[in-house]
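Architecture at a glance
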Amino acid sequence: MRKYNDRILEFLARIPMPVVLLVLCYVTYGLLASRLGFYLDDWYIVLFQKSFGSGNFNLFFNQDRPLFAYVYDVFVPIFRDSALAWQLFAVFSHALAASCFWWLLIKIMPERKKLAAIAALFFAVYPGFRMHWFSVMYSQVFMLMAIYFLSFILMIQSLHAKRGRWLYWIGALICLVIGIVPQETFIGLEFIRPLILWVALTPLQPLVSKRIKHTLLIWSSYLAVFAAFVVYRLANSKAYSYQADLFGSLRAHPLDTLLQLLGEVFWSTVDSIFTAWINLVELLKRNLLSFASIAMLVLMVAGALAVWLILKKRADDETSHSTRNGVILLVSLLATVAAMSPFIVGGFKITLEFPNNRYLIALAPGASLFLAALLDGILRTNKQKLVLASALVGLAVGAQFISARSFMLTWKAQQDFFWQLAWRAPQIQPNTILLTEDLPFSQHFSGTSLTAPLNLTYASGNQSHQIPYLFLVYTQQSTALPDLSADQPVEYAFRSFEFTGNTSDMLVFHKPSDGCLRILSPEDSDMEFINSQRFAFWHSAIPLSNLGRIIVNPEKTTIPQAAYFGSENQNQWCYFFEKADLARQQQDWQTTIDLYDAAQIAGFSPLMDSEWLPLLEAYLNTGQYDKASQITQQISINEADNTANFCRLWTDAQVDQNVLPFAEENLSWLNCRE
């Protein structure tokens, strides 16, 4: 039995590291790939591709990162608007970047194979970066990262090659250009190139003086390319949306800026190397009996066990190392700090919170190597090192699964939203704005990004830069509107798209986390939002909601595309509610009542008290006052923000003498007069 187990371990030890990293990345990021979609910038990249094709992204990036267009011109024609293809490509490119990182470490310190493997595993699952699933964006960023690592690998190879040395050198320069020019995420790592050269030259050139000269000579060509791009970037800063704000702050307040900068660098370093991993303990505070938590625990254990088995029989690092932990710690620490430079210059804060954790993608290589070297230095036995490394990888796998599940849930919530919108608004007049205060899934979707699926739903054939619909989330885009008053022109541009509308042509809506979409009317009471932190928004916005923008009986009903929004599911309460609310808008009271009856037969009922309002209004308008009273007196919370619209309907109804006794009773029960 023992021999059999040893054979299994030896087989696992022979699995190439790139294969290990690919499988690990799939388990960490790809298990839910078929249930994930597009997020934030991904959405309007899809809109651009659908409107203008896949090979002309220079217009899309002309005011942001003009050279990034060439990357999109390569990959968008391949994957187009397939969410699954982009998610799988993101897994592949993430694994490719991890493999190139591992290969680079092997090149730098060939006698530290196990340490290189652990650092690469840490990088593959690095828990500080939780934005992998923005697949259109970050699949290509990871691809650039892999190519950038290849620049270092080819540079080192050129030092050892006996023939074709200049070919490796040219390849390294080309990979450097590809790695930093399209977008500057990894440009800070270029500061450690001379250190890597120094380490790589150590066994080839023992004399320090000659090594210094050789390092500077080789580095000069890479420095020239780096400096040329920096000069170009600063000279053409107006073509980029991100500016070098640090220099202005230094000129205005040099001492204060430097002190603040030192603090930010220190805490960003601590967060990227230590806090990102320490916070994994928070996972164990979850309800561990839920389905998601059980799946997380299974993945944690499986991931840790797999790493243990794969590393256990791999060749141990030699006792005597030419590349000692002290040197590795220094270089990796400098790499972590240097990687911050483009974000610091741009005035961005690097934190573990969304969305600023996106900058940690550049810090991940240095932070992962530092942690691996630190554990190797402070732990005494090989077993201790493997146990802790395996446990950390397992915890990170579990954490990333929970993050993936969060993306899955917000994708599902966004899909449900657009189906509910289509049921409530079969068609919408062009040049209409959809406006709300916030959304329960706004962490992964901005109003700008949701403008894309809105237009793909209601104007799928549009091939113009002038788009007919605009989605605004006021908490994110308050400056998009001149003010919240009637008949104000609205002009909004993002990327290459433009919208022209008017504040009198808006649909104001509310989407609670636990209820259905409600498109509000000017008759709705703003007292429903009296306890909201943004009551002033609702007070001004509700009177602007123009239900006349909804085409209630269009020649062709809008059907969200299944490729983006999944199949229609009418077997749910919100389907009946949206259809009933549409019937209420048309004052088709009997259809409203019939839809509530059908929902009840199907086993559905309102999720929130406000979802009784269409039925209450239908009963009041058909003289069924007893039923209207029954609905009113079954609401669960008898407070002003919950009863405001009930009070409004009964107050309006009491002008009829026949309803007056019922109205007085219900107004009293609702405490409306108070």
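The paragraphs below set out a description of the structure included in this document. Computed from a predicted model, the values in this text were never measured in an experiment. (Residues numbered from 1 in each chain as written. Predicted model: local features only at pLDDT ≥ 70, side-chain atom pairs only at ≥ 80, totals over all residues. Heavy atoms only, no water.)

**Re the pairing of strand E3 (residues 469-473)**
Applicable threshold: Using a 1.4 Å probe on the protein chains alone, a residue whose accessible area is under 20% of its type maximum counts as buried, one over 50% counts as exposed, and one in between counts as partly exposed. Where helices and strands are cited, they refer to DSSP runs of H or I of at least four residues and of E of at least two residues respectively, numbered from the N terminus. Here, any two strands with at least 2 DSSP bridges between them count as paired. Crossover handedness is defined here as right-handed if the route from the first strand over the helix to the second strand goes clockwise, with the strands pointing away from the viewer.
Summarising burial for E3: five of the five residues are buried, a large majority. Residue alternation in E3 divides its side chains into two sets, Tyr469, Phe471 and Val473 and Leu470 and Leu472, and both sets are buried. One ladder, built from five bridges, connects strand E2 (residues 432-436) with E3; its direction is parallel. Residue pairing across strands places Leu434 opposite Phe471, the latter belonging to E3. For the segment spanning E2, helix H18 (residues 447-458) and E3, crossover handedness is right-handed.

**Side note on the state of the cysteines**
This is how it is decided: Two cysteine sulfurs form what is called a disulfide whenever their separation falls within 2.5 Å.
In this structure the tally under the stated criterion is two disulfides. Disulfide pairing is shown between Cys516 and Cys574; the S-S distance is 2.0 Å. Handedness of the Cys516-Cys574 disulfide follows from its S-S torsion of about -90°: it is left-handed. Of this pair, Cys516 sits in the loop between strand E6 (506-510) and strand E7 (518-519) while Cys574 sits in helix H22 (residues 573-585), and the two are 58 residues apart along the sequence. On the accessibility criterion, Cys516 (0% relative accessible area) is buried. Here the cysteine-cysteine linkages of the protein are recorded as 1-2, 3-4, numbering only bonded cysteines and doing so in sequence order. No disulfide involves Cys100; its sulfur sits 9.0 Å from the nearest other cysteine sulfur, which is in Cys175. With relative accessibility at 9%, the residue Cys100 sits in the buried group.

**So, the environment of Cys647**
The line we're drawing: Contact definition: two residues touch when any of their heavy atoms are within 4.5 Å.
Here Cys647 shows up in helix H26 (residues 640-653). Considering only alpha carbons, one finds Cys647 and Trp669, 22 residues apart in sequence, at a separation of 9.9 Å. Once residues within four sequence positions are removed from consideration, Cys647 is found in contact with Leu667, Leu670 and Cys672.

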